[in-house]
Amino acid sequence: MSAPKTLFEKVWESHLVAEPANEPALLYIDLHLVHEVTSPQAFEGLRLAGRKLRRPDRTVATVDHNVPTTKDRLIIADAIAAKQIDTLRKNCADFGVELYDVQSPQQGIVHVIGPELGLTKPGMTIVCGDSHTSTHGAFGALAFGIGTSEVEHVMATQCLPQSKARTFRIAVEGELPDGVTAKDVALGIIGRIGSDGATGYVIEYAGSAIRSLSMEGRMTVCNMSIEAGARAGMIAPDETTFAYLKGRKFAPQGADWDKAVSEWKQLASDAGAKYDRELIIPAIELAPYVTWGTNPGMVIAVTDAVPDPAATQSDSDRRGFERALEYMDLKAGTPIEEITIDRVFIGSCTNSRIEDLRAAAKVAAGHHVHASVSAMVVPGSQQVKAQAEREGLDHIFREAGFEWREPGCSMCLGMNPDILQPGERCASTSNRNFEGRQGQGGRTHLVSPMMAAAAAITGRFTDVRTWEFKKPSGEFKKAEVLV
Amino acid sequence: MQAFRTLTSKVMPLDRVNVDTDQIIPKQFLKRIERTGYGDFLFFDWRKDASFELNDPRYKGAQVLVAAKNFGCGSSREHAAWALSDYGFRCVISSSFADIFFSNAGKNGILLVTLPEDEVQLLLNRAASTPHYRLTVSLEDQTVKDDEGFSASFTIDPFRRYCLLEGLDDIGLTLRHADALDKFEQKHNADFWLAPKAEAQAGETAHA
Ligand code: SF4
């Protein structure tokens, strides 16, 4: 009998093309997702070297980072952004790559549309020139972000030289308390292990709290793996995974479906499989979180106060801590619930799926955005947007004073016109609170969709566990969100 | 790719932890479709501050950057490596690097040297306080030395070392395994449950 294996080891071993002595292994890549920002130099490299794209059928592209999220977005005012998008169009046409362009009813953030179209499947290897590729690990795929040279490498060879990562099992056990969402699970983990706590590892998330999450929730957790420094995050596929995938555009059908499911069922880690590191977190210890600093590890429960730098270990950590407080214009000891905000962003590949929008709408329903706050909701994809509109969520948001936008990365990184002004403070459902991430001088606090909606309404961070839920008025009463 | 053997150079200290790639090169420069010309935008926001190290004439021409832990975290943008290299940096020394940046740097001929935190702190202090401070980084000997008696050796993955020493291009290296790749692919193609696109059905998704 062979030794028990982890989910990661099973996927790794089934994709080994070669294991040359004293060199990294060559790993076969099943799916390569491409977007406008990290691909132009790679396509150009192929052209210059006279190389072909090896597997157009395993390559899929969309536009998300640069595209405006306003109605009139077909004309892009920013000439450099427009050129980058046109370049992707030309490259996809030249190399035969399927492109979900701005007008496509399936356009959206690359990490939202991959799963939504059923391109992402258990047991696959998936790469994209974007660090949040870890999202797809929610399906039991090995999915990781790569740089542009690697993008070119995958285009030319459909494989990548890779050193085998170490494995890190994080189990969240028990029932998540009310108001504690997948985003809080992710932030709670990063707060415990730090923003470099998983560098060199592939995390496998396990435990009853993880298993009880929907696919949307699992994607949120895996998405944030990179914010702990992890190469990838994975969750074993189960009935929840299969139910999500069944019937999607690119999912196997009929007898093929049954065969596929029986293959996928074998992926879960074997009993007794060994990990390089393990951590167990009781779900009951988790709370709704708010980041207070300039990396996602600088995070604290909403009912706490901004921590004191004096409590940190090393000199360089303390300086980093002080610098973060200065940038964020916060004082140690300030209760989080006293921090007022100017902007709210609900969106990004972390939290822009239908379930995220339902959760935010439930909080917003019947309330109104605070007079000093401007708030926007940016669905992750055209399909999410259409679904939300069928459920009446757009009405709930609009009635509550939120802007309802077209899909894209938007203010997650502010490459399009959606940015913070210097000094503005934002409650954001995205994944990075780095200095200037949402606009130069902007101050980002990462939160869950419910927490973001609550902050929009009260104008300050507010514990959703004490929220007074209301019904939306008039014709929107029947919105599915409240059923 | 430019080969790296031995380098003696001035040193720029950057005593900050968790320097992320958004700081190394902010997003507005990611819209360009070229691979060159990013050096002018290196640390774009930070260098607006006149006291930022990049503006300090003492460090002008430095090819070695020393930074505190977890350098290069965050976004996968290879533009960060392009900006460092275009500006003239050929070597970064820190106590830890983020994974994707580590890989991107190697692809662009930048040597990343990992040393223990106390040694990095010592180098940061010396670079900031010693006039004309220089380091010699030898990939051949795997050592970092200064003129004041500091000497440390570092470890590096042997294959990565070989590629840097020879300035080898990854795609070419992989294509040495073209036969194995063809063979693997033929077999792997049959595993349709791992293919992105099962026979696409006409029409929309059942889930919508
Ligand atoms: S939403 Fe943000 S993190 Fe996600 S792919 Fe877009 S820019 Fe990257």
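Named according to an unreviewed UniProt entry, chain B is 3-isopropylmalate dehydratase small subunit originating from Silvibacterium bohemicum. Looking at chain B in UniProt, the text filed under Catalytic activity (unreviewed entry) is "(2R,3S)-3-isopropylmalate = (2S)-2-isopropylmalate". Quoted verbatim from the Subunit (unreviewed entry) heading of the UniProt record, the comment on chain B is "Heterodimer of LeuC and LeuD."

The name that an unreviewed UniProt entry assigns to chain A is 3-isopropylmalate dehydratase large subunit, with the source organism given as Silvibacterium bohemicum. What the UniProt record of chain A gives under Function (unreviewed entry) is the line "Catalyzes the isomerization between 2-isopropylmalate and 3-isopropylmalate, via the formation of 2-isopropylmaleate." The UniProt entry for chain A carries the following comment under Subunit (unreviewed entry): "Heterodimer of LeuC and LeuD."

1. What about the interface of chain B and chain A?
The partner chain A presents 98 residues to the 68 residues of chain B that form the contact. Where chain B abuts chain A, roughly 6700 Å² becomes buried across the two surfaces, and 54% of that area is made up of carbon and sulfur atoms. Three residues stand out in chain B for area buried against chain A, namely Lys31, Trp193 and Pro196 of chain B, and they jointly supply 11% of the buried area on that side. Seen at the junction of chain B and chain A, the total is 10 salt bridges.

2. Thoughts on the UniProt feature "domain: Aconitase A/isopropylmalate dehydratase small subunit swivel" (unreviewed entry) in chain B
The sites that carry the UniProt feature "domain: Aconitase A/isopropylmalate dehydratase small subunit swivel" (unreviewed entry) are, in the present numbering, residues 1-117 of chain B. Between the end C-alpha atoms of residues 1-117 of chain B there is a gap of 30 Å, over a span that is 20% helix and 18% strand.

3. Some points on the domain arrangement of chain B
Taken domain by domain, chain B holds domain 1 (6-168) and domain 2 (174-207). Placing the centre of domain 1 of chain B and that of domain 2 of chain B at their C-alpha centroids yields a distance of 39 Å.

4. Observations concerning the side chain of Ser381 of chain A
As for its position among the elements, Ser381 of chain A is in the loop between β16 (374-377) and α13 (382-390). If we ignore the near neighbours within four places in the chain, the residues touching Ser381 of chain A are Gln107, Gly108, Val112, Ile113, Glu116 and Pro407 of chain A.

Conventions and cut-offs
Residue numbering note: each chain is counted from 1, following its sequence as written. All chains are assigned letters beginning at A, and all ligands numbers beginning at 1, according to the order in which they are written. Since the coordinates come from a predicted model, pLDDT governs what is reported: local features require at least 70, and pairs of side-chain atoms require 80 or more to be given and counted, while whole-chain, interface and lining totals use all residues. Computation of side-chain values covers all heavy atoms of the structure but excludes hydrogens and water. UniProt positions are given in the numbering used here, feature names are shortened, and annotations may be inferred rather than shown by experiment. The contact rule is simple, with two residues in contact once any of their heavy atoms fall within 4.5 Å. The term buried area refers to how much accessible surface (probe radius 1.4 Å) is lost by two components on association, counted for both of them together. Each reported salt bridge corresponds to a side-chain nitrogen of Lys or Arg within 4 Å of a carboxyl oxygen of Asp or Glu. By the criteria applied, helices consist of DSSP H or I runs no shorter than four residues and strands consist of E runs no shorter than two, each listed in order from the N terminus. In this document the domain limits rely on a domain assignment from an automatic tool or a database.

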